[in-house]
Amino acid sequence: MKLVADNISVGLEKKTILSDVGLEVAAGEFVGLIGPNGSGKSTLLKSIYRTMKPYAGWISLDGDDVYKLSAKENAQRMAVVRQESSIEFDFTVMEIVLMGRAPHKRLFQQDTEADHDICEEALVRVGMETYASRSFFSLSGGEKQRVLIARALVQQAKFLVLDEPTNHLDVRYQLQVMDLVRALGITVLAALHDLNIAAMYCDRLYVTKKGQMVANGTPEQILNPQLIRDVFGVETEVTTHPITGKKHVYFFSESCRIKQSPQEVSKAQ
Ligand SMILES: Nc1ncnc2c1ncn2[C@@H]1O[C@H](COP(=O)(O)OP(=O)(O)OP(=O)(O)O)[C@@H](O)[C@H]1O
């Protein structure tokens, strides 16, 4: 499933949030969206998953305007894991995951044994199989996130939108969730804060700054100290990770530099 967002502008009343932004994700590609807080990543994702309609430009999935698809057609093509969970009433974990099966059913059609099997398998994949009958509200932030990812998986859509999917997750689950998303082999667009996770998993990256798209390319092409300074305003060393062979970004603050003695400084000069 191919996504094209062409010349998108998004705004609220008189405020423009995104201005003339373009992005493409080829079928099967894993694309990351990076950029500072408030730069427009979530807004771009929301315009793609139809929560904030652009006032200019168009967005298509396999050539079809997403805003012209029915809600059901759209949900069969696109699954979304949002930044904040929109669950307002307490359900069990299994009930939440079963909601992901809705696009495959008729109105009021009961859940089948096959639906339950699909949901159980998804819970195993995110390491939450022993939580099926737990109340969703009683879960930790990371556990909730894994359940919402399971709900997106059972939707069996060919395009997955993730807004900071590793938020709340400990290191092990950050890698596990990214591994499992990549193993799906479907088209993925994910807003990510961790540049090293982005470098490890993404085929290509798009960079937002102040509501504009300022760069795109492979992590090898764009993750460099100059771009990171320009976009995020921080100093870095960027090397190649010895195990993964991917770009690895070391951040530092001047206040944390190793203090050198005057003798060492003059020796280094
Ligand atoms: N509903 C809204 N009302 C007013 N301003 C909004 C609204 N939604 C987004 N904005 C503003 O639009 C800008 C972009 O926000 P957005 O959430 O898209 O950024 P982001 O890159 O996802 O940030 P973060 O990394 O913090 O999640 C911000 O300045 C934000 O305050």
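Let me begin by describing the structure that accompanies this report. (Residues numbered from 1 in each chain as written. Predicted model: local features only at pLDDT ≥ 70, side-chain atom pairs only at ≥ 80, totals over all residues. Heavy atoms only, no water.)

**Details of the site of the ligand**
Put simply, the rule reads: Nearness is defined per residue: one heavy atom within 4 Å of the molecule or strand is enough. Within 3.5 Å is the distance limit for a polar contact, defined as a pair of N or O atoms, with the added protein rule that one can donate a hydrogen and the other accept it, and that residues adjacent in sequence qualify only through two side-chain atoms. Computed with the Shrake-Rupley method and a 1.4 Å probe, the accessible areas treat only the protein chains shown as cover for residues. Every helix listed is a DSSP run of H or I at least four residues long, and every strand listed is a run of E at least two residues long, numbered separately from the N terminus. Residue polarity is assigned by list, with Asp, Glu, Lys and Arg as charged and Ala, Val, Leu, Ile, Met, Phe, Trp, Tyr, Cys and Pro as nonpolar; anything else, Gly included, falls into the polar class.
In the neighbourhood of the ligand, 14 residues make up the surrounding shell, with Asn-37, Gly-38, Lys-41, Ser-42 and Thr-43 lying closest. Within the side chain of Asn-37, an N or O atom sits 3.0 Å from an oxygen atom of the ligand. Between Thr-43 and the ligand, the recorded distance is 2.5 Å, taken from a side-chain N or O atom to an oxygen atom. Expressed as a share of its isolated accessible area of 640 Å², the protein-covered part of the ligand is 62%. Listing elements by their share of the shell around the ligand, those giving two or more residues are strand E2 (15–25) and helix H1 (41–48). By residue number, the principal contributor to the shell around the ligand is H1, which donates three residues. Classifying every residue of the shell around the ligand gives three nonpolar, eight polar and three charged.

**Here's the deal with the sheet that holds strand E5 (residues 64–65)**
What counts here: Paired strands are those between which DSSP finds at least two bridges. The contact criterion used throughout is that any non-hydrogen atoms of two residues lie within 4.5 Å. Geometry is summarised by axes, namely lines fitted to C-alpha atoms with helices restricted to the contacting stretch, and by angles between N-to-C directions that run from 0 to 180 degrees.
Pairing in this open sheet of four strands is antiparallel, and the strands run E2-E1-E4-E5 from one edge to the other. Both edges of this open sheet fall to E2 and E5, since each of them pairs with a single strand only. Sheet topology note: the strand E4 (residues 56–61)/E5 ladder contains two bridges and is antiparallel. Counted as the bridge partner of Leu-61 is Asp-64 from E5. Where H1 meets the sheet, it contacts strand E1 (3–12), E2 and E4, and its direction lies at approximately 70 degrees from that of E2.

**Side note on the packing of aromatic side chains**
The criterion, for reference: Pairing of aromatic rings covers Phe, Tyr and Trp, the last counted by its six-membered ring, and requires centre-to-centre distances within 6.5 Å; plane angles under 30 degrees mean stacked, over 60 mean edge-to-face, and any other angle means tilted. Remark: a charge is flagged as sitting over a ring if the NZ atom of Lys or the CZ atom of Arg is within 6 Å of the ring centre and within 35 degrees of the ring normal.
Applying the stated criterion across every chain, the model contains zero aromatic pairs. When the ring centre of Phe-136 is taken as origin, the NZ or CZ atom of Lys-144, which lies over that ring, is 5.9 Å away. Directly above the aromatic system of Tyr-173 lies the positively charged group of Arg-172, at a separation of 4.9 Å from the ring centroid.

**Overview of the side chain of Asn-196**
We apply this condition: Buried residues are those whose accessible area, probed at 1.4 Å on protein chains only, stays under 20% of the maximum for their type, while exposed residues exceed 50% and partly exposed ones sit between those limits.
With respect to the secondary-structure elements, Asn-196 resides in helix H7 (residues 195–201). For Asn-196, a relative accessible area of 14% gives the class buried. Contact partners of Asn-196, with chain neighbours within four places excluded, come to Lys-247, His-248 and Val-249.

**Let's talk about a nonpolar patch on the surface**
This is how the line gets drawn: Patches draw on residues past 30% relative accessible area with no salt bridge. Two like charges within 9 Å are joined, as are two nonpolar side chains (Val, Leu, Ile, Met, Phe, Trp, Tyr) within 5 Å. Any Lys or Arg side-chain nitrogen located within 4 Å of an Asp or Glu carboxyl oxygen qualifies as a salt bridge.
Where nonpolar side chains cluster on the molecular surface, the patch consists of Phe-89, Phe-91 and Met-99 and spans about 280 Å² of accessible area. Residue position: Phe-91 is located in the loop between strand E6 (78–81) and helix H3 (93–99).

**Topic: the packing of helix H4 (residues 113–125) against helix H5 (residues 141–154)**
For any two helices packed against each other, the geometry comes down to the angle between their axes and how far apart the axes lie. This is how the line gets drawn: Comment on the angle field: the value is read as roughly parallel under 35 degrees, roughly antiparallel over 145, roughly perpendicular from 65 to 115, and oblique elsewhere. What makes a crossing left-handed is the near helix being turned counterclockwise from the far one by less than a right angle; a clockwise turn instead makes it right-handed.
Between H4 and H5, whose axes approach to 9 Å, the crossing angle comes to 135 degrees. Overall, the two elements H4 and H5 adopt an arrangement that is oblique. The crossing of H4 and H5 is right-handed. Residue-level contacts link Ile-118, Cys-119, Ala-122 and Leu-123 of H4 to Ala-150, Leu-153 and Val-154 of H5. Its residues assigned to classes, the contact of H4 with H5 shows seven nonpolar, no polar and no charged.

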